[in-house]
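Close look at the chain arrangement
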Amino acid sequence: TQPNGGTSSTANDTNDPVSTATREYFFYERLLNLRSPTLPLTLEVFHGSQAFDLARFDHLPGDFVHNHAVAARKIDVGFGFFQLQFDLGLGFRVSFEGPNTGVWTLTDGHRWKYEAQETAGYYYLKDPGSQRVWVFKKVPNGSFIEPAECLQVLDRNGNSLTYTRSTEPGVKGPASVTDGH
């Protein structure tokens, strides 16, 4: 059994970093090994590409530095006030706040002046540093945290990456990624 609950004949085989049970890429990193005949001490860190949560995203917590996932979420903090968070991988998060009107104010002291827009079914994040527009499709779930999955990334030269999600229950991450060619 893996730490994420998956099982397979190779789940704990350190020579096979991809679980056949969950399709997760994972590995253990040994940080400390104090050998002793009476009380050996070993400290290992588990790194995995999936973690189970209610939002159906395939990532570790948003500010974890080894998180490679891209996701967005809108959080109802009460009194008609909301936060909009974009996780752009490697622990990088851009946050906005505002009333539920689709107008968002950047809350982080980032070097670039990110902009967020909201429509009925999508969130858009304009990234002036990389000159990209990230498109996220809302996934309504009836809770106070409304998740959104990355649908497309566009750049100023007309290039794009489009992510297609699996409709199979329990399958996380994109089913395919196309670059428009």
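Procedures and definitions
Residues numbered from 1 in each chain as written. Predicted model: local features only at pLDDT ≥ 70, side-chain atom pairs only at ≥ 80, totals over all residues. Heavy atoms only, no water. Core = buried A, V, L, I, M, F, W, Y, C linked by side-chain atoms within 4.5 Å. Buried < 20%, exposed > 50% of the residue type's maximum accessible area, 1.4 Å probe, protein only. Helix = DSSP H or I, 4+ residues; strand = E, 2+ residues; numbered from the N terminus. Contact = heavy atoms within 4.5 Å. Phe/Tyr/Trp six-rings, centres within 6.5 Å; stacked < 30°, edge-to-face > 60°. Lys NZ or Arg CZ within 6 Å of the ring centre and 35° of its normal.

Our next topic: the nonpolar core. If you look at the biggest cluster of nonpolar residues, it comprises 18 residues, and the most contacted ones within it are Leu 84, Phe 86, Leu 88, Phe 96, Leu 125, Trp 134 and Phe 136. Secondary structure elements with two or more residues in this core: strand E4 (81-88), strand E5 (93-99), strand E8 (122-127), strand E9 (132-138) and strand E10 (145-155). A total of four residues in this core trace back to one element, the largest contributor, which is E4. Setting aside its immediate chain neighbours within four residues, Phe 136 contacts Val 70, Ala 71, Ala 72, Phe 86, Leu 88, Gly 121, Tyr 122, Tyr 123, Ala 148, Glu 149, Cys 150 and Leu 151.

Right, let's talk about unusual backbone geometry for a bit. In this model, Phe 79 sits at a positive phi of 55°, which is unusual for a non-glycine residue. Considering the arrangement of structural elements, one finds Phe 79 in the loop between strand E3 (70-78) and E4. One non-glycine residue with positive phi stands out, namely Gln 131, at about 55°. By the secondary structure assignment, Gln 131 is in the loop between E8 and E9.

Attention now goes to the packing of aromatic side chains. Throughout the structure, instances matching the rule amount to three aromatic pairs. Aromatic side chains Phe 86 and Phe 96 sit 6.0 Å apart centroid to centroid with 90° between the ring planes, which places their arrangement in the edge-to-face category. A residue pair is termed long-range when its members are at least 10 positions apart, and Phe 86 in strand E4 and Phe 96 in strand E5 qualify at 10 residues. Each member of the pair, Phe 86 together with Phe 96, is buried. An aromatic cluster of three or more residues is present, and its members are Phe 86, Phe 96 and Phe 136. Above the ring of Phe 82, the side-chain terminus of Lys 74 is found at 4.9 Å from the ring centroid.

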